[in-house]
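Working through the structure, step by step
Single-letter residue listing:
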Amino acid sequence: MIELAGLSLTQVLTVLGAVGAVVVGLYLLKLRRRQVAVPFVRLWDQVLADERTTRLFSQLKRLLSLLLALLLVALLAGALGDPRWKGASAEGRSIVVLVDASASMQATDVRPSRLAKAKDEVRTLIDGLGPNDRVLIARMEAHTTPVSPMTDDTAVLREALDSVEPTEVAASLAAGLRFALDVLRDQPHPEVVVVSDGHLGPARDGEGEVALGAVALRYVKVGRGRRNVGITAFSVRRYPLDKSRSEVLVELRNAGDRDESIELSLLGDGQAIDVQQLQLQKGERIARFFQDISGADRTLEARITLAGGAHDDLPADDRAYARLPERRRARVLCVSRGNLYLQAALLLDEYLDVTEIAPEAYPPAGRHDVIIFDDFVPSTLPDASAIYLHPQPAAGGVGPLEITGAITRPLFEQIDRRHPLTRWTALRDVNVADSLAVRLAPGDKAVAGDARGPLIVAGTRGGRKFVALTFDVRHSDLPLRVAWPLVLLNAIDWFVEEDASYLSSYRTGETWRVPVPAGAREATIVAPDGDTRTVPVLEGRAIFAGLRAGFYTLRTRTASGATAEQVFAANLADDAELDITPESRLVVGATTAGRVVPGRAGLRAELWIALVLAALALICIEWVTYHRRVTV
Amino acid sequence: MKRRIALEALFFGALSAGVAALVAWYVAVGPRELLRGEDRYTLVAPTILFALAVVPLLGWALRHSLADLPPLQRVLSLALRSLLITALALALARPARTSESSLVSTVFLVDVSESVTDESLGDARAIVQAAWQARGENDVRLVAFARHPRVVPIDDDIEAIPAISRHASAAGAVESAGAGTDLEAALQLAYGLFPPGHLRRAVLVSDGAQTEGDLLAEASRAKRFGVRVSYHAYKRGVPAEVAVRSVTLPDRIEVGSTFMVRTRLFATTPTKVRVRLRQDDAANALDPSRELELPRGETEVEMRSIVRVPGPVTYTVDLDVQGPDRFRANNRFATSAIVPGRPAVLLVESDPSRATYLARALVAGEYEVDVRGPRELPTNVRELERFDFVVLSDVPADAVSLGQMDALERYVRDLGGGFLMAGGEQGFGLGGWGGTRIEQLLPVRMDAERRRDQPSLALALVIDKSGSMTGIKMELAKDAAKATAEILSAEDYLEVVGFDSQPVRVVRMQSAANRLRILTDIGRLAPSGGTAIFPALDMAYQDLAVTRARIKHVILLTDGQTQESGLETLVQAMRAESITVSVVGLGSDVNRSLLQSMANLGGGRAYFTVDPHNVPRIFTRETSTVSRSSAVEEYFQPIVASPADFLRGIDVGSAPFLHGYVATQAKPSPAQVILRSELGEPLLARWRVGLGWSLAWTSDIKNRWAVEWLRWPGYQRFWSQLVREHMRQRRRQTLDMRASIEDGQVHVEVDAIGQDDRFMDGLESRVTLTGPLGARADRRTQRPTNDGGSAAQNGAAQDGGVAAPDESAREETHPLRQTAPGRYEARFPLDRYGAFVLEAVHTRDGRPIAESRAQVANPYPREYATIEPDETLLRRAAELTGGDREPTPARLFDPRGEKVRHNEPLWPPLLYAALGLFVLDLLLRRVRLFDRGFRPRRRAGS
């Protein structure tokens with residue numbers, strides 16, 4: 001069937017009627033003949049004798065001429081209606097084209113790149129569409145983002161295709177298919193076309209295997225090379241106790257089909273720290289550890305190059321980035337009458353600026369990040385995170401916890417091993433002479449203790465975190481153990497949110513939750529390619545999904561106007577993307593993807609073009625026939 | 001003539017080629033766009049302009065026209081026709097004007113997940129309806145979303161938006177289609193709906209409780225696409241709802257010890273509920289159910305439980321709500337843990353029938369106990385490896401081979417096993433353990449100082465020095481005699497009689513204080529001659545009879561056959577004078593029956609051995625036994641010498657008396673005396689040996705000295721805790737493993753940090769996920785019950801669904817990848833609900849060196865866990881993208897100065913122009929406009 005996209009049928013008929021009437025009117029006019037005086041009378045006989053026969057013929061010619069004129073008007077009026085093949089239930093398909101924009105599509109085995117080739121393939125596909133096919137183009141990486149609406153307008157589709165850019169993210173076939181299935185729900189003749197090198201991960205997610213149902217799956221393979229050595233993991237981590245030193249992991253894999261010799265360089269703050277020559281057999285995976293890296297390197301980068309300056313097919317995975325979690329100097333105030341154990345423990349961390357005052361001198365001037373109250377409770381809640389050691393309230397003091405009594409020989413029986421405070425500690429056999437029995441407020445967490453009461457409590461008071469040890473450490477053997485400084489340092493780390501996630505790099509394609517200074521509501525992220533954008537902050541974390549590997553800069557501004565800047569790294573770090581050998585088949589569940597089928601008719605939808613072309617031809621022909629007196 | 005035609009053809013051909021060349025130039029290098037003011041004009045398909053090359057040919061046709069038209073009219077006609085063709089060709093070249101539009105396309109994204117009430121859906125419809133009516137030229141689309149978004153088509157000409165319905169679930173689906181909220185997916189779908197040439201607006205109508213995806217991450221992308229995201233938060237109060245938020249078990253559950261199962265409940269209104277706790281498939285025995293009045297908010301319930309069998313255990317909490325409750329799916333929560341197996345204790349006792357007391361106590365303390373005789377003590381350390389603690393109770397040293405001792409020592413030192421020697425008549429010094437490797441292992445020495453009230457001893461060693469003793473036998477016999485001399489105290493007396501055919505006093509009866517001389521004398525023993533026991537024994541008898549001592553004893557060593565008569569009579573006579581006789585038969589051809597009968601009559605013991613190496617030990621043991629130098633048989637109350645963890649909860653002060661112990665001396669620190677006797681001698685001492693513990697309990701553990709303890713209520717607890725504290729720790733190191741579920745993916749993280757503050761790198765690790773365990777919540781159609789209505793959604797399966805046939809727990813194994821120094825991670829999807837346990841094994845070079853355990857619960861779809869709306873999320877997304885909170889239709893369609901470029905096709909006006917030109921062209925043909933005066937002029941002429 002045909003539908004009109006331009007003028008409505010009534011309008012078309014009106015145009016046709018009006019112009020047609022004029023045309024017919026013109027033809028009804030008696031054509032005034034030129035009168036020529038001819039001196040030879042005998043001629044008239046012949047002329048008058050022929051008239052009987054020629055009249056019929058000339059009338060027919062006139063009719064033909066009129067019909068031609070009317071046909072021309074009809075063609076143009078019809079073209080104005082912009083008629084399209086409609087409905088065509090038997091032919092029109094709904095197609096979602098998933099263009100793989102994952103990292104492996106940056107491979108240069110086909111020039112200029114796999115992604116460019118993929119776009120060419122999609123252009124071919126658009127050209128081969130049937131008259132009623134409708135298409136949506138989407139960029140597929142870890143997420144799937146449509147770049148066009150579902151349309152039959154090839155111009156829109158071509159423009160959308162141009163906007164697909166490569167990313168440094170692993171692709172997720174499951175996400176792509178789920179999106180396509182959502183779009184294609186209740187659409188006629190649904191089809192999914194995947195244009196990819198085939199390394200897309202499993203078609204399985206939290207809801208199980210993706211069920212295609214009646215949706216046809218097509219696959220267009222892109223790429224042919226397979227020479228690739230890449231970095232699959234790159235990470236740096238401080239040692240748990242000696243935080244001035246760190247260890248670096250670099251994992252490499254040769255995903256190609258030949259042995260490679262490569263050069264691995266490790267750069268700290270842009271300067272080479274280490275260069276190694278390595279041999280990787282085909283398919284081999286090796287991990288290199290750089291231990292006891294010390295110094296103030298903020299950013300680390302690993303690079304690999306093939307021996308002899310050659311390049312593999314995928315340069316995107318030849319670099320990896322990491323950043324040491326920054327060590328913030330914490331200003332610690334000890335309010336104590338002198339506690340050697342406490343002083344000794346705090347000396348272990350060179351990043352602490354420790355000030356000690358007597359309880360009488362509290363509160364002192366100046367700001368502190370952490371206040372440790374040793375056997376003393378202040379009269380008001382401090383405006384800082386606090387550690388309370390034996391918070392027995394004196395007169396007027398408000399401890400964080402309500403004291404209900406005492407416990408003799410309490411035991412470390414229940415220990416929350418997941419709490420950051422107890423990390424790397426062994427507390428189970430610590431002997432304690434006595435402790436305070438306390439009542440916890442809602443939200444407080446008993447980190448360790450026994451059935452009679454907690455020994456270590458963590459919680460929040462007035463928006464600030466606190467940790468309370470309900471016993472006097474001098475009446476226990478805790479200070480003689482490694483666990484004692486660990487608990488204190490863990491608590492300080494927990495307060496300043498250091499090491500909460502030691503992450504030295506984020507993974508591209510995942511949603512990043514980057515901790516930001518308290519009070520910030522919006523943050524600006526500058527991507528490695530200079531792209532700057534504002535990202536939201538929720539619960540103290542900037543939320544962002546980056547698509548590129550490299551170093552990002554995060555700028556925040558708090559309500560008070562203070563600005564902060566931090567740098568973090570992001571890596572592709574995906575094993576599947578490393579293997580760039582194109583897959584010749586794409587299988588989802590029991591379905592193997594078929595090949596792309598071109599539309600039934602090669603002609604695209606715009607019928608008006610045909611009509612106008614016909615009119616054009618008619619006009620030329622009519623010109624000739626008129627002047628040769630075939631028509632009049 | 002022909003020449004003229006050819007010239008004409010050449011002229012018009014050239015003209016036509018010129019036009020074509022002009023078009024070709026334009027197509028190749030001509031300007032693509034034409035800017036005029038704000039507008040931009042382009043030709044989409046300029047190649048069609050080649051059709052213009054026809055125009056000159058029209059002129060050629062005109063030159064040969066037969067039509068009767070005035071020349072001027074002809075020229076005009078040609079011009080019009082050329083214009084007409086040009087207009088059509090231009091139309092075909094598809095000129096377009098890129099202009100700006102401020103039309104708005106708004107996509108409403110309406111949350112129809114289960115957490116949304118029907119009333120709220122009505123509100124959503126009203127919001128969409130208002131926008132629909134106010135849309136004017138603007139575009140309005142509708143998407144209903146829950147777990148997945150679906151486009152709701154709206155016909156252009158309808159007046160009222162139809163009611164927004166929830167998503168129907170596919171038949172046999174794991175869970176309802178509404179059991180999830182994915183704002184991200186909904187927004188992504190919206191991008192594909194905006195028609196070109198419209199400003200993009202999305203309006204979220206939701207409670208903001210997302211279970212999948214991340215709206216804020218998507219909001220950044222939306223901003224990039226120029227989509228302003230506004231929102232309407234559902235305002236209706238939260239429905240009456242009671243849910244189990246979590247069920248937590250302690251990190252370490254031990255078989256047989258009680259612990260608390262903590263359940264966090266959540267209620268939106270005060271409600272009465274019954275909490276039922278099940279352990280695997282049975283009700284929790286200690287605390288099966290509770291009736292509770294839940295206040296608004298969160299409540300924590302603790303219920304006591306105990307696990308009796310090691311292995312996986314699953315706790316399921318079920319809520320019976322007496323009152324309205326919107327969802328039932330969240331009234332159940334299952335969580336699992338793996339309870340490590342019982343520790344194994346090897347109890348070696350010389351009289352296994354008397355081992356039952358301790359064995360019973362340990363079994364009650366959740367231990368596996370294996371009671372064996374001394375011969376069955378494993379001789380290699382591999383066999384010992386399966387035990388966590390070994391008790392050697394009242395076993396004499398000569399019943400334990402050197403190989404067995406060696407295995408024991410390595411078990412403690414290298415494998416970290418726990419070892420306890422318990423005393424008794426044959427324990428410690430009494431059992432001849434002095435000087436053995438085991439003594440070195442123990443925290444006590446056995447050469448106890450003599451005490452004043454102990455009897456003095458006169459000992460006669462009667463040693464066979466016949467020719468058959470030549471060689472090693474003689475040497476060892478001498479060693480035995482020397483060792484005996486060494487262990488006797490100064491108040492004891494010793495005589496050594498050597499005999500062949502004749503007896504010889506090698507050492508005269510004298511004080512053992514003359515040690516040096518005695519040893520020298522013994523050294524002079526030399527073998528020769530036959531065997532005649534009677535004279536030798538008689539000599540010893542005579543000498544002892546005249547010696548003053550409270551204990552008189554003879555040890556006879558022989559290796560030969562003897563048929564002497566009268567020996568038994570002699571022994572009886574000696575016995576009558578309180579002289580006891582023990583015999584040692586060395587070799588296989590001794591007269592066993594005779595020697596045995598001598599020992600019986602003599603009130604002593606008979607030892608038979610074929611290995612001369614045993615002789616010294618037999619002698620020392622016999623000496624210790626006879627002298628009873630180290631046995632203290634008196635009632636005493638144990639005293640705590642230093643506190644120890646395992647004594648917690650045990651009041652040793654209230655313990656009954658012990659009836660005796662073996663006197664020993666504590667070794668210097670680090671040996672630690674835990675319990676002591678009133679005399680200050682160790683009762684219980686311990687120290688670390690290598691990786692393990694070694695303990696000495698100098699009293700016994702059976703119904704002799706500890707007879708009162710057996711009835712003491714603390715007996716079982718004392719021994720259970722003692723063993724637990726000192727038994728071998730886990731075979732392998734346990735690495736910290738955390739597991740969480742995000743977006744349907746299990747994320748497992750293992751931190752491998754060694755004892756030395758070092759990362760453990762290069763481990764090969766695999767994690768096995770097992771589950772869902774116990775609770776039969778697997779594979780079911782989880783449909784909520786809406787008390788509020790929505791009958792369409794509540795067909796069958798109201799009761800939480802129909803169980804699918806396959807409910808067995810599944811196991812899947814995934815590799816853990818090292819992602820950082822000392823960190824291993826795995827991610828894999830999980831599509832089942834219930835309680836799961838994860839066990840990881842870490843190997844290096846194929847040898848397992850560490851393991852990890854964790855549990856994770858995926859009790860029900862997250863949609864049922866998030867009840868409170870999260871407007872902050874929606875607000876942040878709106879702030880970021882420049883959207884509004886609850887925009888009015890006017891605000892929504894207000895372009896706010898924004899414009900969007902779009903292509904406007906310009907070909908229809910050209911077609912209109914062509915039609916007009918055509919009509920004019922016809923007019924020129926049909927009406928003689930010029931030359932009208934032809935006839936009058938002609939007439940005038942005529």
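For clarity, every value in this text was computed on a predicted model and none was experimentally measured. (Residues numbered from 1 in each chain as written. Chains lettered and ligands numbered in written order. Predicted model: local features only at pLDDT ≥ 70, side-chain atom pairs only at ≥ 80, totals over all residues. Heavy atoms only, no water.)

This brings us to the pairing of strand β39 (residues 810-820) of chain B. Residue and element names in this part refer to chain B. In this sheet, β39 lies alongside strand β38 (residues 764-771) in antiparallel orientation, the contact comprising seven bridges. Paired with Thr 770 across the bridge in β39 is Glu 811. Bridging between β39 and strand β40 (residues 823-829) involves three bridges; their strand directions are antiparallel. Bridging from a neighbouring strand, Arg 817 pairs with Glu 825 of β40. In this structure, the hairpin formed by β39 and β40 is closed by a connection of two residues, where Gly 822 is found at a positive phi of approximately 70°. (Pairing = 2+ DSSP bridges. Helix = DSSP H or I, 4+ residues; strand = E, 2+ residues; numbered from the N terminus.)

On to the packing of helix α13 (residues 533-545) of chain B against helix α14 (residues 567-576) of chain B, then. Think of two packed helices as two axes; the pair is described by the angle between the axes and how far apart they sit. Residue and element names in this part refer to chain B. Interhelical geometry of α13 versus α14 gives an angle of 10° and a closest axis separation of 10 Å. By the angle class used here, α13 and α14 are roughly parallel. In this structure, α13 uses Ile 533, Phe 534, Leu 537, Asp 538 and Tyr 541 to contact α14, whose residues at the interface are Leu 567, Leu 570, Val 571, Ala 573 and Met 574. Taken together, the residues of the contact of α13 with α14 break down into nine nonpolar, no polar and one charged. (Axes fitted to C-alpha atoms, helices over the stretch in contact; angles between N-to-C directions. Parallel < 35°, antiparallel > 145°, perpendicular 65-115°, else oblique. Contact = heavy atoms within 4.5 Å. Nonpolar A, V, L, I, M, F, W, Y, C, P; charged D, E, K, R; others polar.)

Before going further, it helps to spend a moment on the packing of aromatic side chains. For any pair of aromatic rings, geometry is given as the distance between the ring centres together with the angle between the planes. Residue and element names in this part refer to chain B. Under the criterion given, the structure shown has 31 aromatic pairs over all chains. Ring geometry for Tyr 191 against Phe 225: centres 4.9 Å apart, planes inclined by 35°, an arrangement best described as tilted. Taken together, the residues span a long stretch of sequence, with Tyr 191 in helix α5 (residues 183-191) and Phe 225 in the loop between α6 (215-224) and β8 (227-233) at a distance of 34 residues. Among the aromatic residues, those joined into a cluster by ring pairs are Phe 646, Trp 697, Trp 709, Trp 712, Phe 718 and Trp 719. A cation over an aromatic ring shows up here: Arg 245 above the ring of Phe 266, its NZ or CZ 4.1 Å from the ring centre. The lysine or arginine in question, Arg 592, covers the ring of Phe 608, its NZ or CZ lying 4.1 Å from the ring centre. (Phe/Tyr/Trp six-rings, centres within 6.5 Å; stacked < 30°, edge-to-face > 60°. Lys NZ or Arg CZ within 6 Å of the ring centre and 35° of its normal.)

Another point: the sheet that holds strand β24 (residues 503-511) of chain B. Residues and elements named next belong to chain B. The six strands are arranged β24-β23-β22-β25-β26-β27 in an open sheet whose pairing can be described as mixed. One side of each edge strand has no neighbouring strand; the edge strands of this open sheet are β24 and β27 (603-609). Here the average twist between neighbouring strands, direction ignored, is 10°. Relative to β24, helix α12 (residues 515-523) is tilted by about 170°, and along the sheet it contacts β23 (493-499) and β24. Lying over the sheet, α14 contacts β25 (551-558), β26 (579-586) and β27, oriented at roughly 140° with respect to β26.

Take the confidence of the model for chain B next. All names here are of chain B. Considering every residue of chain B, the mean pLDDT works out to 83; 91% of them sit at 70 or more. Note on residues 775-807: pLDDT is under 50 here. Beyond four places in sequence and across chains, it has 72 contacts. A low-confidence stretch, residues 935-942 (pLDDT under 50), is modelled with four contacts involving residues beyond four sequence positions or located in other chains. Across the interface, the model reports ipTM at 0.72; the global pTM reads 0.64. (pLDDT = per-residue confidence, 0-100.)

All names here are of chain A. Residues Ile 2, Leu 4, Leu 9 and Leu 13 make up a contiguous nonpolar surface patch of roughly 350 Å² in combined accessible area. Listing elements by their share of the nonpolar patch, those giving two or more residues are β1 (2-4) and α1 (9-28). Its location among the elements puts Ile 2 in strand β1. (Patch = residues over 30% accessible without salt bridge, like charges linked within 9 Å, V, L, I, M, F, W, Y side chains within 5 Å. Areas by Shrake-Rupley, 256 points an atom, 1.4 Å probe, with all protein chains shown as cover. Salt bridge = Lys/Arg side-chain N within 4 Å of Asp/Glu carboxyl O.)

With that settled, the discussion passes to α14(B). Residue and element names in this part refer to chain B. Among the residues of α14, Leu 567, Leu 570, Val 571 and Met 574 are the ones counted as buried. Projected down its long axis, α14 shows its buried positions confined to an angular sector of 100°, all on one face. Residues of α14 that are exposed and angled more than 90 degrees away from the buried face: Thr 569 and Ala 576. Immediately downstream of α14, the backbone of Ser 578 shows phi near 60°, a positive value. (Buried < 20%, exposed > 50% of the residue type's maximum accessible area, 1.4 Å probe, protein only. Arc of directions from axis to C-beta.)

Turning our attention to the pattern of salt bridges. Residue and element names in this part refer to chain A. For the structure on display, the rule yields 86 salt bridges over all chains. The shortest N-O distance in the salt bridge between Arg 218 and Glu 191 comes to 3.3 Å. Note that Arg 218 is positioned in strand β9 (residues 216-221) and Glu 191 in strand β6 (residues 190-196), a separation of 27 residues in sequence. Comparing Arg 218 with Glu 191, the two get one shared label, buried.

Moving on: the packing of helix α1 (residues 2-29) of chain B against helix α2 (residues 54-63) of chain B. All names here are of chain B. As a packed pair, α1 and α2 sit with axes 8 Å apart at the nearest point and diverge in direction by 155°. By the angle between their directions, the pair α1 and α2 is classed as roughly antiparallel. Handedness of the α1/α2 crossing: right-handed. Side by side, α1 and α2 meet where Arg 4, Glu 8, Ala 9, Phe 12, Leu 15, Ser 16 and Val 19 of the first sit next to Pro 56, Leu 57, Gly 59, Trp 60 and Arg 63 of the second. (Left-handed = near helix turned anticlockwise from the far one by under 90°.)

Inspection of the secondary structure puts B:Arg94 in the loop between α3 (71-92) and β3 (95-101). Taking the C-alpha atoms as reference points, B:Arg94 and B:Leu910, 816 residues apart in sequence, are found 9.8 Å from one another. In contact with B:Arg94, other than residues within four places in its own chain, are A:Glu606, A:Trp608, A:Ile609, B:Thr42, B:Leu43 and B:Val44.

Nonpolar side chains tend to gather and get buried jointly when the protein is soluble and globular. By size, the foremost hydrophobic cluster in this structure holds 58 residues, and its most contacted members are A:Leu177, A:Val192, A:Val194, A:Leu217, B:Leu109 and B:Leu204. The biggest single contributor to this core is helix α5 (residues 173-184) of chain A, with eight residues. Two domains each donate at least three residues to this core, and these are domain 2 (92-224 + 581-592) and domain 5 (506-571) of chain A. Residue contacts for A:Leu217: discarding those within four places in its chain leaves A:Leu177, A:Val192, A:Val194, A:Leu212, A:Leu586, A:Val588, A:Ala593 and A:Gly594. (Core = buried A, V, L, I, M, F, W, Y, C linked by side-chain atoms within 4.5 Å. Domains from an automatic or database assignment.)

With respect to the helices and strands, A:Ser104 occurs in the loop between β3 (94-100) and α3 (114-127). Overall, the relative accessible area of 0% leaves A:Ser104 in the buried class.

So, on to the interface of chain B and chain A. Between chain B and chain A, the contact holds 90 residues from the first and 104 residues from the second. Between chain B and chain A, a total of about 9,100 Å² is buried, with carbon and sulfur atoms accounting for 58% of that surface. Counting every contact that joins chain B to chain A gives seven salt bridges. For B:Arg827, the salt bridge goes to A:Glu510, with nearest N and O atoms at 3.4 Å. Run the count over chain B and chain A and you get 20 residue pairs in polar contact (both at pLDDT 80 or more). Top element by residues in the side of chain B that touches chain A is helix α20 (residues 907-926) of chain B. It accounts for twelve residues. (Buried area = accessible area lost by both parts, 1.4 Å probe. Polar contact = N/O pair within 3.5 Å; in protein donor to acceptor, adjacent residues only side chain to side chain.)

All names here are of chain B. Looking at where Asn 138 falls in the secondary structure, it is placed in the loop between α4 (118-133) and β5 (139-145). Residue Asn 138 is classed as buried on the basis of its relative accessible area of 14%. A distance of 2.8 Å separates the side chain of Asn 138 from the backbone nitrogen of Val 104, its partner in a polar contact.

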